[in-house]
Amino acid sequence: MTLPDEEVHLASLPAVVPDELEVALLALMDSGEVKIPPYPAVALKLNQVLARPAFGLSDIISVLSSDQSLVASVLRSANSAYFNRGEVTSLQQAVLRVGADEVGRLALVASLASQLKVPGSLQSLKQQVWEGAVASASICQVLAKKRGLHHEDAFVAGLLHDFGWMVGISALESIIEGRKETLARTAEQWSSMLERLHVRLGLDVAERWNLPTLLYGVMAEHHVPGAAQGDHAALVELVHASDAVVEMLTGQSHVSALDLARVRQLRPGEAELVAAALPGLPSLISSFNPEGIAGARPRSMLIQPATTLPEGSRPIEARVQALKPRPKGPFTMIGIASQGWTMRGLQPLQELELLEAEIMPPEQPPLRIWAKTTLCTELSGSWQLECKPFALSGPALNRWNDLFRNTPRV
């Protein structure tokens, strides 16, 4: 018997008793009341311009210039280490250096990222899902040429295949907001209910946005690549591979070509391609993160673990400054482990936030690395945070390893 795409995915998941919020979300879905954001108007106009047989630089600039926050985001991303094309100070330079099609993709990402500016009780979880989508899109684009696939289709497939998560998280936030009392849950509990529902939500998005059949197929079957048939099958396999890389990237502070060679979804020669692209990913992802959240943030509904550094740490004292996405600090590093560090300061950082940090150990040159804030706990007017390095490579990886090894045990 052949099951519909969504049922194939659901059949592979363990049977569970539905959470009350999951039941409420299902009711919203069945009634058609889940809010789905409109497809970004600027991105749509830009796609129409780029689809013309002939278009000029002025046409692209005219469309993008209607949204200055979008312009700023596109310029930040064009200046990221991912492209490494030198400093870009204008839209004209961005188009000339990274290409019109690439600018179109950056505009789509920047437009969708604007949803992160709306505060919510699951903000950190939404941020993590979004950053994974940007990483997946970039990895898909890197692998597309190797697999003989159109890089535009690959990028958008990577970006949107799990967009149902974003819609689902926003819907849960609206449900929570309408209730007097809601118990917080762990990231695993929130993810469990969304894992069961995000494919259906994603297909609702595909229909509302009138996405091509190719993308609809990817969104329907990206969890069951062996079942995919037709023109979208190759893209499903590509997205499945990118998801495996993103999962590894999320769980490890450093991912090498040797690590990637163990990813069974990657083909011969692809591990090296992906490994070469990973160091530029943090700055690209960060360039799309909002510089500020509009309005006051509701209380987080995410239960924090006691620690995210279970292997323990060694005592150390070093100054730490957060540089991006917003300058914050200073903080004082008080412990270091092989996979991260603990620090204290007078300012909080968002849970699961990607940041560029400058670590200043005593009598040593500063060390700049990208990291994820994995824990943020208030302690008598100050804050204790745990951070894990993200996509470490090259000299920064060597410096980090030396810093940990040279910190004596107590």
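This text follows the structure it describes.
Residues numbered from 1 in each chain as written. Predicted model: local features only at pLDDT ≥ 70, side-chain atom pairs only at ≥ 80, totals over all residues. Heavy atoms only, no water.

Student: How would you summarise the nonpolar core if you had to cite specific residues and measurements?
Tutor: The biggest cluster of nonpolar side chains holds 110 residues, and the ones touching the most others in it are Trp130, Leu159, Trp190 and Leu260. Ignoring any residue separated from it by four or fewer positions in sequence, one finds Trp130 in contact with Val109, Leu112, Ala113, Leu116, Leu159, Met166, Phe288 and Asn289. (Core = buried A, V, L, I, M, F, W, Y, C linked by side-chain atoms within 4.5 Å. Buried < 20%, exposed > 50% of the residue type's maximum accessible area, 1.4 Å probe, protein only. Contact = heavy atoms within 4.5 Å.)

Student: Run through the packing of helix 2 (residues 20-31) against helix 10 (residues 163-177), naming residues and quoting values.
Tutor: Contact geometry of helix 2 with helix 10 gives a least axis separation of 10 Å together with a crossing angle of 110°. Considering the angle they form, helix 2 stands roughly perpendicular to helix 10. Between helix 2 and helix 10, the residues in contact are Leu21, Ala24, Leu25 and Leu28 and Gly168, Ala171, Leu172, Ile175 and Ile176, respectively. Residue composition of the contact of helix 2 with helix 10, grouped by class: 8 nonpolar, 1 polar and no charged. (Axes fitted to C-alpha atoms, helices over the stretch in contact; angles between N-to-C directions. Helix = DSSP H or I, 4+ residues; strand = E, 2+ residues; numbered from the N terminus. Parallel < 35°, antiparallel > 145°, perpendicular 65-115°, else oblique. Nonpolar A, V, L, I, M, F, W, Y, C, P; charged D, E, K, R; others polar.)

Student: Describe in detail the pairing of strand 8 (residues 382-389), supporting the description with residues and values.
Tutor: Alignment of strand 5 (residues 340-345) against strand 8, held across 5 bridges, turns out to be antiparallel. The residue of strand 8 that forms the bridge with Met343 is Leu385. As paired elements, strand 7 (residues 367-379) and strand 8 share 8 bridges and run antiparallel to each other. Across the sheet, Leu375 pairs through a bridge with Glu386, a residue of strand 8. Counted along the chain from strand 7 to the antiparallel partner strand 8, the turn is 2 residues long, and its residue Ser380 has a positive phi close to 50°. (Pairing = 2+ DSSP bridges.)

Student: Explain the packing of aromatic side chains to me, using residue names and the numbers behind them.
Tutor: What the rule picks out here adds up to 4 aromatic pairs. On the numbers, 5.3 Å between centres and 45° between planes, the contact of Phe163 with Trp209 is tilted. Here the residue Phe163 occupies a position in helix 10, and Trp209 occupies one in the loop between helix 11 (187-208) and helix 12 (213-221), the gap between them amounting to 46 residues. For the pair Phe163 and Trp209, one class covers both residues: buried. Here the aromatic rings of Trp341 and Trp400 are separated by 5.8 Å at their centres, their planes lie at 50°, and the arrangement is tilted. Of this pair, Trp341 sits in strand 5 while Trp400 sits in helix 17 (residues 394-405), and the two are 59 residues apart along the sequence. The residues Trp341 and Trp400 share a single accessibility class, namely buried. Here the aromatic cluster, defined as three or more aromatic residues joined through ring pairs, consists of Tyr39, Phe163 and Trp209. Above the ring of Trp190, the side-chain terminus of Arg185 is found at 5.4 Å from the ring centroid. Taking the ring centre of Phe404 as reference, the NZ or CZ of Arg314 above it sits at 4.1 Å. (Phe/Tyr/Trp six-rings, centres within 6.5 Å; stacked < 30°, edge-to-face > 60°. Lys NZ or Arg CZ within 6 Å of the ring centre and 35° of its normal.)

Function cannot be inferred from these measures alone, as they are strictly geometric.
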